[in-house]
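# Summary of the model geometry
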Amino acid sequence: PAKAGGLSPSDVIVPAGPTGMEPTQTSFLQALNISSKINKGQVEIINDVHLIKAGDRVGNSEAALLSKLNIKPFSYGLKVLTVYDNGNMYDPSVLELTDADLLNKFRTGVNNIAAIGLQIGYPTVASLPHSVINGYKNILAVSV
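Thresholds applied
Residues numbered from 1 in each chain as written. Predicted model: local features only at pLDDT ≥ 70, side-chain atom pairs only at ≥ 80, totals over all residues. Heavy atoms only, no water. Helix = DSSP H or I, 4+ residues; strand = E, 2+ residues; numbered from the N terminus. Rg over C-alpha atoms; globule rule 2.2 N^0.38 Å. Pairing = 2+ DSSP bridges. Buried < 20%, exposed > 50% of the residue type's maximum accessible area, 1.4 Å probe, protein only.

The next subject is the overall build of the chain. Within the chain one finds 4 helices and 7 strands. Traced from its N-terminal end to its C-terminal end, the chain shows the element sequence β-β-α-β-β-β-α-β-β-α-α. Taken over C-alpha atoms, the radius of gyration comes to 33 Å for the chain, far larger than the 15 Å a tight globule of 144 residues would show. Counting only C-alpha atoms, the chain reaches 100 × 40 × 20 Å along its principal axes.

Our focus in this paragraph is the sheet that holds strand S2 (residues 17-18). An order of S2-S4-S3 is seen for the 3 strands of this open sheet, with the pairing classed as antiparallel. The open sheet is flanked by S2 and strand S3 (36-39), the only strands paired with a single partner. By the bridge criterion, 2 bridges tie S2 to strand S4 (residues 42-45) in an arrangement that is antiparallel. For proline 18, the partnering residue across the bridge sits in S4 and is glutamate 44.

With 4 bridges joining them, S3 and S4 adopt antiparallel strand pairing. Paired with lysine 37 across the strands is glutamate 44, a residue of S4. If you look at the hairpin formed by S3 and S4, you'll find 2 residues sitting between the two strands, and lysine 40 has a positive phi there, around 55°.

With respect to the helices and strands, the residue valine 132 is situated in helix H4 (residues 128-143). Separated by 69 residues in the primary sequence, valine 132 and alanine 63 place their C-alpha atoms 73 Å from one another.

Okay, the environment of glycine 109 next. With respect to the helices, strands and loops of the structure, glycine 109 is situated in helix H3 (residues 99-120). According to the relative accessible area criterion, glycine 109 is partly exposed, its value standing at 29%. Along the backbone, glycine 109 and alanine 126 are 17 residues apart, and their C-alpha atoms lie at a distance of 9.9 Å.

Here it is, written out as structure tokens:
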């Protein structure tokens, strides 16, 4: 919610249409220079209203209006600039890894282990299927 005295990070536009407010609230809207009319027992804003500009302070009346209309125009969060882990600093893009990226990195590691195991002749779980297939190929070549 918008709080009085805070800076607006973005423009706030109140849309035209029914507000759900009682007809007694028209004076509140008139104080903010918002044109309105009473329609079917509730106040209706006639035109879209540019209530707050980006960078301006939110006034008490603007905050009260947004609260009455149940409009929450701002969202807040943190912007990660750097990731610090065990004395190392990383770019924030390391946090954007997807499951596919992790699977590709794991697959690359398994392929490297299999390649090293095959090259030095040391059987590993990753290189064993390749060793069996290579042995089958050798037997097939000798028998033909």
